[in-house]
Amino acid sequence: MAEKDMCTSDYLVAIAKRLMKECGSSGKDFDGLVLVTQTPDYILPATSCIMQHRLGLPNSAVTFDINYGCSGYIYGLYQASLLVSSGSCKKVLVCVGETNIRTIHPMDRANRMVLGDGFSVTIVEQGKNELMFQIHSDGSGYSYLIMEAGGFRLPVSTETAKPVQDVYGHNRWPEYLYMDGMEIMNFALSRVPLLVEEMLADVGWSKEQVGLFAMHQANQLIIQFLAKRLKVSKERMPVSLKYTGNTVSASIPLLLTNVKENFSTEKLKKTILCGFGIGLSWGGVATDLSDTIIHNSWEISRDELVKMRRDIND
């Protein structure tokens, strides 16, 4: 759980600075920043602009805010890849993450048991490997994952603070996150296997050649059902959310950091990443991760948190 006085951008700035230090680079080396989050600092301005300043990127850098959740890492990589492949940018930071536990009502025990706060930063730059993307959306299912009140269609009021009943007779709160778990599971199990098959056909791989299927970590049950439906072993489609929960847009990169020791360079040569959820939206990328440096995950200590707060105030 994120600290109450810390925003998504605070964690991402700290992680980006740590990553740049480990890579021997600084903010001036980047000409693009893509932020994927549903928990920005403000409704406006764009949080990516604020992060550009805090990270010391040049004023010529292009920045984007992308409002996506569980499919967000794929969308972030897609946007960054477009910038690099077009020649518009040479080096892009893809920052993803959520302080999403605070979007859940304290009495919503079901979602509080599933979700966790997590963050990740990825550097995308020109290389010799290709990334083959498949992106899909279906807005007819938008109401299955939604924070209904707080925007301009339904402003916050005394009425939106009151609980209402969903179609199953359960309480939900319009000002907080609502998820129809059954509809989301049906969506994932019907759309994601087809997506994987499409990507395999487009890139010319057989299912047996893929060393790692890195799926959005929605919950253990969905991942196990997907593995069974696709006839993929649990070793090649791992589950890694025991200590983090579903961290939404950060779940795929956190999975990579947690399981990297189990996968040889050879196995990572054919990797499929896949995200699915809010929107409804789903997407994937087939690529070679054998040359990609996957850093260790960082569990922030109390002393490091104090330093991060001091840096924010400075």
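Keep in mind it's a predicted model, so treat the numbers as computed, not measured.

Conventions adopted
Residues numbered from 1 in each chain as written. Predicted model: local features only at pLDDT ≥ 70, side-chain atom pairs only at ≥ 80, totals over all residues. Heavy atoms only, no water. Buried < 20%, exposed > 50% of the residue type's maximum accessible area, 1.4 Å probe, protein only. Helix = DSSP H or I, 4+ residues; strand = E, 2+ residues; numbered from the N terminus. Pairing = 2+ DSSP bridges. Disulfide = S-S within 2.5 Å. Contact = heavy atoms within 4.5 Å. Phe/Tyr/Trp six-rings, centres within 6.5 Å; stacked < 30°, edge-to-face > 60°. Lys NZ or Arg CZ within 6 Å of the ring centre and 35° of its normal. Axes fitted to C-alpha atoms, helices over the stretch in contact; angles between N-to-C directions. Polar contact = N/O pair within 3.5 Å; in protein donor to acceptor, adjacent residues only side chain to side chain. Parallel < 35°, antiparallel > 145°, perpendicular 65-115°, else oblique. Left-handed = near helix turned anticlockwise from the far one by under 90°. Nonpolar A, V, L, I, M, F, W, Y, C, P; charged D, E, K, R; others polar. Salt bridge = Lys/Arg side-chain N within 4 Å of Asp/Glu carboxyl O.

Let's hear about the pairing of strand β10 (residues 212-215): which residues, and what values?
Going residue by residue along β10, you find Leu212 and Ala214 tucked away on one face and Phe213 and Met215 tucked away on the opposite face as well. Bridge count for β10 against strand β11 (residues 271-277) is four bridges, and the pairing is parallel. Of the residues in β11, the one forming a bridge with Phe213 is Ile272.

How would you explain the state of the cysteines if you had to name every residue and give the values?
With the rule as written, the count across this model stands at zero disulfides. Free cysteine Cys49: the closest other cysteine sulfur is in Cys95, separated by 13 Å. Cys70 takes part in no disulfide bond, and the closest cysteine sulfur to it belongs to Cys274, at a distance of 11 Å.

Describe the environment of Ile300, and please don't skip the residues or the numbers.
Mapping Ile300 onto the fold places it in the loop between β12 (281-287) and α8 (302-313). Along the chain, Ile300 and Tyr11 lie 289 residues apart, while their C-alpha atoms are 9.5 Å from each other. Sequence-distant contacts of Ile300, defined by excluding residues within four places in its chain, comprise Tyr11, Leu305 and Met308.

Summarise the packing of aromatic side chains; cite the residues concerned and give the values.
For the coordinates displayed, the defined rule picks out four aromatic pairs. Judged by centre distance (4.5 Å) and plane angle (10°), the ring pair of Tyr11 and Phe119 falls under stacked. In this pair, Tyr11 is assigned in helix α1 (residues 8-23) and Phe119 in strand β4 (residues 118-125), connecting sequence segments 108 residues apart. Judged by its relative accessible area of 6%, Tyr11 is buried. Centre to centre, the rings of Phe187 and Trp282 are 5.5 Å apart; their planes meet at 75°, and the pair counts as edge-to-face. Of this pair, Phe187 sits in helix α5 (residues 181-203) while Trp282 sits in strand β12, and the two are 95 residues apart along the sequence. The burial state of Phe187 is the same as that of Trp282; both residues are buried. Between the NZ or CZ atom of Arg18 and the centre of the ring of Trp298, over which it lies, the distance is 4.2 Å.

Before we move on, can you summarise the sheet that holds β10 with the specific residues and values?
Taken in spatial order, the four strands make up an open sheet running β5-β12-β11-β10, and their pairing is mixed. The open sheet terminates on both sides in strands that have one partner only, identified here as β5 (131-137) and β10. Sheet twist, expressed as the mean angle between neighbouring strand axes with direction ignored, is 10°. Direction of pairing for β11 relative to β12: antiparallel, over a ladder of seven bridges.

For the side chain of Thr39, give the residues involved together with the corresponding values.
In this structure, Thr39 sits in the loop between β1 (32-36) and α2 (47-55). For Thr39, a relative accessible area of 11% translates into the label buried. One polar contact links the side chain of Thr39 to the main-chain amide nitrogen of Thr99, over a distance of 3.1 Å. Setting aside its immediate chain neighbours within four residues, Thr39 contacts Thr8, Gly97, Glu98, Thr99, Asn100 and Thr103.

Please give an account of the packing of α1 against α2 that cites residues and values.
One can describe the packing of α1 onto α2 by two numbers: an axis separation of 11 Å at closest approach and a directional angle of 40°. Overall, the two elements α1 and α2 adopt an arrangement that is oblique. The chirality of how α1 crosses α2 is right-handed. Side by side, α1 and α2 meet where Ser9, Asp10, Leu12, Val13, Ala16, Lys17 and Met20 of the first sit next to Thr47, Met51, Arg54 and Leu55 of the second. Residues that form the contact of α1 with α2 fall into these classes: six nonpolar, two polar and three charged.

Could you give an account of the sheet that holds β4, with specific residues and numbers?
Spatial ordering of the open sheet is given by β2-β1-β3-β4, a layout of four strands whose pairing is mixed. With partners counted over all chains shown, the strands left at the sheet margins are β2 (62-66) and β4, one partner each. Averaged over all pairs of adjacent strands, the angle between their axes in this sheet comes to 15°, without regard to strand direction. Bridge analysis of β1 against strand β3 (residues 91-98) gives five bridges, and the strand direction is parallel. By the bridge assignment for β3, Leu35 is matched with Cys95. Each of β1, β2 and β3 touches α2; the most contacted strand, β1, lies at about 130° to it.

Could you give me a rundown of the pattern of salt bridges, with the residues and numbers involved?
Enumeration according to the criterion identifies 14 salt bridges in this entry. In this structure, Lys28 and Asp29 form a salt bridge, with 4.0 Å as the shortest nitrogen-oxygen distance. Look at Lys28 and you get exposed, because its relative accessible area is 62%. Between Arg191 and Asp138 there is a salt bridge whose closest N-O contact spans 3.1 Å. Highlighted residues: Arg191 in helix α5 and Asp138 in the loop between β5 and β6 (145-146), separated in sequence by 53 residues. You can call Arg191 partly exposed: its relative accessible area is 29%. The partly exposed category is assigned to Asp138, whose relative accessible area is 22%. Salt bridges sharing partners connect three or more residues here, namely Glu3, Asp5, Arg302 and Arg309.

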